[in-house]
Amino acid sequence: MSSIDLHTQYNIQSQVPDAVGIVVNPVHKRLGPCYGAYNLTPYGFSMINNCKVSESKHHEHNNANLYYQHAPHFKLQDNGDFTLSSFLPSYDIPPFTFSSKDSWTFVSAPLQKQAVQQSKPVNDGQKLSSQDFLQKAMRRPDIGRQPVMFDHQYVKLREQSDMRRKTRSTLAGCSNYMTIEQCCSISTTTLPSLRENIVNAENRTLEALTGGLSTGVLYITTFLVDNKYLYTRWIDGGNMEGFVKANRCLLEDAAPKSEKQIMWQVSTAADVTKTTESYDQELCAKRQKLQDGVPLRDRSSGLRWEQVIGGTQRQNKKCLHSSINNMNACIQHPDPAARIRVLGTLVNIKRKESTIDLVNTSKSIYHKQTGIYEDINISELLDHHMLHRTPDNQQTFIDYVNQLPEKRFYSLTEQEEIMNSIENDSNTQSKKPTKCCYFSTGDYKGDDECVYSKYIPTSKRNRVIYHWSRGSTSECLDVLGITEQLRNSPQPSQQSSQPKRKSASHNEPAARHVPYVQDAHHIPDVPHNSYMPDALQTTATSSNPYTTFKHALVGPLGVLEWRLHDDNKDIIAMNDINMETGKFMNNSFAHLTREVATDGTVIFTCTCRMSTVIHRMPEISGCCHSRFFEENMKENINTIFTSQRPLEAPTPIMKKIAASILHLNHAVVKLDRDKQFHRFSVISPDFLSCHIVHLKDNKFTCQSGKCRAGKTNIRKVTHIEDDSACPHMSQLNANKEVWDKFAEIRNEDQEDTHMLDQRPSDQEEPHSDPDQLPTNKEEAQSNPEQLPPDATHSSSTENFDPATGMWKFESLSSHCPRQQDDPVFVKAAEYRRSLSHIHPGVCFDTTKKYLIADTIDGPKPFTLSPLLDKEQICRCGTKYWSDELPDGITTPRFSNATTVFLQHGVAQFLVYDRECLQQNHECRIEYSGRQDALHFLTQFTAAGDEIGWDFVNNVTKNQASIQAFCDNVSAKYYSTELNFMHKDTFTRWIFSWLANFKIDFRQPCPRCGHNPKIIGCDGTKIGIFVNRASEITPIEEPTCCEEVQPCHTRTERQFFSYKTSDSKEHKANKKLAQHDLEYFVAKNSNTLKEWQKKQSNKKATVMDRSESDRKLHLLGQVPTDCSHLVEQFIDREISHELIQHLCPILKVLASDKALTSLFCYRSLDLLLSALNNGTDFHCLKDDMPEIYDVLYYAKLQKTSLHTVQQFFKCIVTTIIDRHSNDRCFSEPNITEPYNPEKTGRAYYFTPHGGRVRQLPKYVISKDTNTRTSCRKRYIDATKGGTTYLFAWSCALHGHCYGFHIIKECEGRKDPFAAAFSYMDECPDVLFYDFGCQLEEFCLNREPKFFRNCRFFVDVFHGYSHKCPVVYDSRRIDSLKSGVNSSICEQLNAYLQKIKYSARSMSRSHYIFYMQFFIYMWNEKKRKTLAQEEKVARLFSL
């Protein structure tokens, strides 16, 4: 019986103890149809009850033949014929006939034992007809399972796969023991003389046991390693076998107390047997070669004993006695500098009986006790053990793998037993006699791993530890003899019961075919990384996550590459961690940059995921990579880079660091060990930075943001020499030998092109309104259950309730759907899933379309009714049940049966309400469907919550549209004549299901609240057809008739300011002064030639002027307090460093940008205080880094400090004067309630979500003399096209704050109107892909509201902008990491997944649809944020 049969039998036998499972082979070639009747044994019943694997999945049970037996109480009476039809029509098995009557004989439980003893049929058993038996055994309709037929090859491969998985799990559970043993073995290399004595003593002991010199040996030596590990090596064999295990407590009491104590069995019983046989065969071969006819005689002569054991004056220097004496000397005179110290030795070897000296018994036994074992009375214990010992049936490693439960970690004792069961005989790989093999540290000779020059592990156990320490689990399995598993194993051979997908009707638009996501209540099996334990599941007794990360980084799978090093900068490549689980990532890397500023401050910049998280967590100072550098690498820098001699007794960390400099300053270094996806660390040609480049499918992809923005980051291998490629490609081209051997490896995981949706034509799609029901008369007649009474549903129906702020759609159910992890939902979904497969208790109705119950009274629809609570008392004082009516009273809720759509079929249910015994109408309990996770659209149509969750998962993962989802579900049905709900019906069902969650979408970011300080915004092309948004008022349309004049214009806010009313000559002089200042900035920054090329369109009278004329004109236009510094800048009378830092500031002043773009308005008071103080400027570094640099270098050159302070004071005073008359049109006040269905706007910047300010009519004169080179092309939404969506997101935490619909085209008007109308306070930082022009737009209209806001271009679009550097947020340290300026682009990519299913909706459905999936986005971000912060805190401990 397969695992599915066992679980099915358990479900039936738990209800009917006498039930049997009949296994029939109807197509047996030789004997004809044969059968067998089985039931579960008590042992099998208990094991299946405790099995936690899903019963619908095939899995293996160890010793499964003990789980079931031939049913002793069952007999097939041979008095007639009957026909048994298969319950699996899809298998196409014809009915077959048995020579038996239509009856089955059972013996009840008391008679079962008697039947077995008599071994004869019992005629007085209970007789049931076959139909009665099947009805009784299958009276629960939820216990059926769809059987799966497996061929022998697949089962064999599954067994091999399970064995390999269990072996990996067992080895992972023993990793602590292997790590300690490796550390202890390596420590013996620090004392070569001690190591030689240990090896010799153990080899001599084994020789005495395997060479026929003794009847029993006992050897125990205990060491103390690194003052924390107790390491015991032991051998017991012959008549002393099992002594150590039996007396372990006594040995542990003699040793010092330690939590980490391991015992290493040098040789197992299997090793002794194998070595003895090998020794005998070798000796026989020698005698036969010498043609010595003397038969094999006893080899335990006195001379041989003295050579091996010693103990006399003429002893051999390599005998056991000499080695024990030498180790005893180490006990008495330990080396304080050594890592290992001998604590004691216990040796007892009994000579073979033929050589025992009865006079001098001391010659019959060699006995030695030293150190901690000196005071133990061991003789009596040995005598007792030899007389009363029991055979030690030592289990093999495979026995432990099969019997021990799978754990993440075993206890140290369990680990010791498991590892000691592996053979330790070196003869498995060597032809020499057995030797004790160790690990050893050798000189670093290779690029990838250490090559050990002397001691190489040859035994099976040592090779397992050797490969496991290097992460080669496949090598470990090969050493252990586990059969290699095929990569492409065949799938189960089963005939699919699913019909082929039908072609779409000509009347409907073709829907995209997308892969169907796994059912919501099924959890997929995900392989986990067994090398590093989950940081979130690390217990208090184990090391903290950072320590685990450090050990993994230093271990064989860790990557540590020192890429660049000089006095002021270091760049190191390391493995990254997963911020969701805290696991060590073998194939993900980060670059840690350590820079030393001019003032000596050390600045760490890391590209890891943790750096972006800890930026918003002030309690954490640095990521795990910077912490590793500070704790382990900083102190070793001088030793690594200056020492000319090899390291003496290096620690693993020092060895790893020493190995990391092998590729120092190499242009290209391969980082990972992946066979299909390759990652390289590439240094830029200027040797200032380092970036990751991926190689996949013979295509290079550079991860540098600058290269990605310039669209030069992707090149095929054959086009890597292209001149337009990024500079990192040129480095790869110059170092082909690094990557050339990987270029031909291709990844088989290709993206499915069929998932791309084809946009329907404008003629078909606008007419397919999802709110309209099918009008096809034939379709309505063939599907009456899909037509509710209100078949004229209109799109103008109001579905939003302004009073509650929630949505409502047509629905018969009012309860909230259950979550996917709800046990009630899981149980109900599993029950409905079982109905989808035909089995006894389930049948078709007369139309062969709907599934119904096959009861004793005949086929009937399934029933649904409220649960019966026997403790509940109704309003009239009676109950809902009695002894006469144990099931209570139920009355039909609907006149007809309800069609319930399942995942693999369609079933019909009769719905009942429950009444009290008095049948009082007020006490009636209506069936709502919540107890069964069912959602009723109408009395005719219902579906389970699993359908809703499957749709949500398919939309977010596969971009499935509503039509594609319906087609996919229909394709999974068991009959080609059946269809899932019509697209329009399912649209109504899914919206009513989603609306029943009763979600108030006006939820702010959990960290920032309703007033985010750092936010981004952007528009995206996703929406509905324009004609469906005709009733929406554009957000930029004024809400009042009042006209507002601007307080000041762009030209008044720039450094060379002028008003629009000024004369043309005055304006020309200001513009000429801007041109002259640009000239001197270009000259002092050595970019004059490039600047002159850009000014080719200027007139000759402007370009051909002399420098003296330029200087004279410029100083005449500059304010008096600023002219002195400008003159020094032109004449270069200040230091070179000060000139270089003044250039970017003067370049901004020479542009038409507002002064507040460089001088943060909210920090002007802080700047004035620092200028007046003149000593502490560090407070300006976060908001005004350019000004901080100028003041810092001016302070070093004391003669220029006063001039610089005067220059900045003049500018600050000017800014304050120009903004002194700023005014705001209106104060915050609710002017429009929250109603996204009506307004097309859903914002969550306030708890109420409504408009807080009126938008006046601004009278702005168009200035066509804008000198900026940044442009943005806005695409209009035509009448036949779709609308756009403009959304806002928190740049710190990713939370979306809502959106509004754009009817015509996106522009600067959208972020301005949305922020001013719906925000109580303006944010401090605003990211927009056209932020350089948005600042001017906002300050022209509402300067008081926006003057404290700083506008930036997001990083994604910033590379293509030509605006001044002040709009690049990366120059500000606080915005470098932790702030995701491109969060809106990521949100847009997420929203593209629902674009195909949203564009043909009505306005009401579309807005709710967007709100729901944005809510799902916010929930995902919230969970990810909490998980990342939890991981960051764990690594900061």
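As the structure is a prediction and not an experimental result, all values here were calculated from the model.

Across its full length, the protein chain holds 48 helices and 41 strands. Counting over 1437 residues, the protein chain shows a buried share of 50%. Look at the contacts in the protein chain between residues 6 or more apart in sequence, and 71% of them connect residues 24 or more apart. By element, 49% of the accessible surface of the protein chain is carried by carbon and sulfur atoms, the whole surface being about 69200 Å².

Even without being glycine, Q959 reaches a positive phi, approximately 60°. Mapped onto the elements, Q959 comes out in the loop between α28 (945-958) and α29 (962-971). Q959 gets classed as partly exposed once you look at its relative accessible area, which sits at 25%. One non-glycine residue, R1132, lies in positive phi territory at about 55°. Mapped onto the elements, R1132 comes out in the loop between α36 (1120-1131) and α37 (1136-1149).

With that settled, the discussion passes to the pairing of strand β38 (residues 1284-1290). With seven of seven residues buried, β38 is to be regarded as a mostly interior element. In the sheet, strand β34 (residues 1014-1020) pairs with β38 via six bridges, with the strands oriented antiparallel. Looking at the pairing, T1020 lines up with L1285 of β38. By the bridge criterion, six bridges tie β38 to strand β39 (residues 1296-1302) in an arrangement that is antiparallel. Each bridged residue has a counterpart across the sheet, and for L1285 the counterpart in β39 is I1301. The hairpin turn running from β38 into β39, its antiparallel successor, is five residues long, and G1294 in that turn takes a positive phi close to 80°.

Close contact between α37 and helix α39 (residues 1185-1196) brings their axes to 9 Å; oriented N to C, the two are set at 160°. Regarding the angle of α37 to α39, the classification is roughly antiparallel. Pair α37 / α39 crosses with left-handed handedness. For the pair α37 and α39, the contacting residues are E1137, L1138, H1141, L1142 and I1145 in the first and E1186, I1187, D1189, V1190, Y1193 and A1194 in the second. Class assignment for the residues of the contact of α37 with α39 results in seven nonpolar, one polar and three charged.

Let us look at the side chain of T1020. Residue placement: T1020 occurs in strand β34. We classify T1020 as buried; its relative accessible area is 8%. Only 3.0 Å separates the side chain of T1020 from the side chain of Q1392, close enough to count as a polar contact.

Next up on the list: the sheet that holds strand β41 (residues 1350-1352). The strand order across the open sheet formed by six strands is β36-β39-β38-β34-β40-β41, and the pairing between neighbours is mixed. For this open sheet the edge positions go to β36 (1241-1243) and β41, each flanked by a neighbour on one side alone. The average undirected angle you get between the axes of adjacent strands in this sheet is 20°. As judged from the three bridges shared by β34 and strand β40 (residues 1325-1327), these two strands associate in the parallel manner. For I1014, the partnering residue across the bridge sits in β40 and is V1325.

In this model, the protein chain carries a mean pLDDT of 75, and residues with pLDDT of at least 70 account for 76%. Taken as a whole, residues 82-152 scores under 50 in pLDDT and shows 138 contacts with residues more than four places along the chain or in a different chain. In the model, residues 354-361 has pLDDT below 50 throughout and makes seven contacts with residues more than four positions away in sequence or in other chains.

With antiparallel pairing, five strands are arranged side by side in an open sheet as β18-β19-β20-β21-β22. With partners counted over all chains shown, the strands left at the sheet margins are β18 (668-670) and β22 (714-716), one partner each. Neighbouring strand axes in the sheet, compared pairwise and without regard to direction, differ in orientation by 25° on average. Summarising the sheet, strand β19 (residues 678-683) and strand β20 (residues 690-696) pair through six bridges and their orientation is antiparallel. Bridging from a neighbouring strand, S681 pairs with I692 of β20. The strands touched by helix α24 (residues 727-734) within the sheet are β18, β19, β20, β21 (699-702) and β22, with β21 carrying the most contacts at an inclination of about 135°.

As a further point, take the environment of P42. Topologically, P42 is positioned in helix α2 (residues 42-50). Measuring from C-alpha to C-alpha, the distance between P42 and Y67 comes to 7.9 Å, with 25 residues separating the pair along the chain.

Further remarks concern α24. The complete set of buried residues in α24 reads H728, M729, Q731 and L732. The buried residues of α24 occupy an angular sector of 155° when projected down its axis, which confines them to one face.

Ranked by internal contacts, the top residues of the largest apolar core, which has 183 residues, are F980, F986, F1159, F1208, W1288 and Y1406. It is helix α48 (residues 1403-1435) that provides the largest number of residues to this core, a total of 10 residues. If we ignore the near neighbours within four places in the chain, the residues touching F1208 are I1145, F1159, L1171, I1187, V1190 and L1191. Ranked by size, the runner-up nonpolar core spans 56 residues in total, among them A172, I349, L412 and L477.

Taken as a whole and assessed by the stated rule, the structure comprises 57 aromatic pairs. For the ring pair Y927 and F936, a centre distance of 6.1 Å and an interplane angle of 90° mean the geometry is edge-to-face. Taken individually, Y927 and F936 each receive the classification buried, so the pair is uniform in this respect. Geometrically, the ring pair formed by F986 and W989 is stacked, given 6.1 Å between the ring centres and 20° between the ring planes. Note that F986 and W989 are positioned in helix α30 (residues 983-995) at a spacing of three residues, about one turn of the helix. Judged by relative accessible area, which is 0%, F986 ranks as buried. W989 sits in the buried class, given a relative accessible area of 0%. The cationic tip of R461 hangs over the ring face of W264; the distance from NZ or CZ to the ring centre is 4.5 Å. Sitting above the plane of the Y1079 ring, R1110 keeps its charged end 4.3 Å from the centroid.

The subject of this paragraph is the packing of α28 against α30. Following both chains from N to C, one finds α28 and α30 inclined at 95°, their axes separated by 10 Å at the closest point. By the criterion of interaxial angle, the relationship of α28 to α30 is roughly perpendicular. Between α28 and α30, the contacting residues are D945, I947, G948, W949, F951 and V952 on the first element and F986, W989, I990, W993 and L994 on the second. Residues that form the contact of α28 with α30 fall into these classes: nine nonpolar, one polar and one charged.

Reading the values: the criteria
Residues numbered from 1 in each chain as written. Predicted model: local features only at pLDDT ≥ 70, side-chain atom pairs only at ≥ 80, totals over all residues. Heavy atoms only, no water. Helix = DSSP H or I, 4+ residues; strand = E, 2+ residues; numbered from the N terminus. Buried < 20%, exposed > 50% of the residue type's maximum accessible area, 1.4 Å probe, protein only. Contact = heavy atoms within 4.5 Å. Areas by Shrake-Rupley, 256 points an atom, 1.4 Å probe, with all protein chains shown as cover. Pairing = 2+ DSSP bridges. Axes fitted to C-alpha atoms, helices over the stretch in contact; angles between N-to-C directions. Parallel < 35°, antiparallel > 145°, perpendicular 65-115°, else oblique. Left-handed = near helix turned anticlockwise from the far one by under 90°. Nonpolar A, V, L, I, M, F, W, Y, C, P; charged D, E, K, R; others polar. Polar contact = N/O pair within 3.5 Å; in protein donor to acceptor, adjacent residues only side chain to side chain. pLDDT = per-residue confidence, 0-100. Arc of directions from axis to C-beta. Core = buried A, V, L, I, M, F, W, Y, C linked by side-chain atoms within 4.5 Å. Phe/Tyr/Trp six-rings, centres within 6.5 Å; stacked < 30°, edge-to-face > 60°. Lys NZ or Arg CZ within 6 Å of the ring centre and 35° of its normal.

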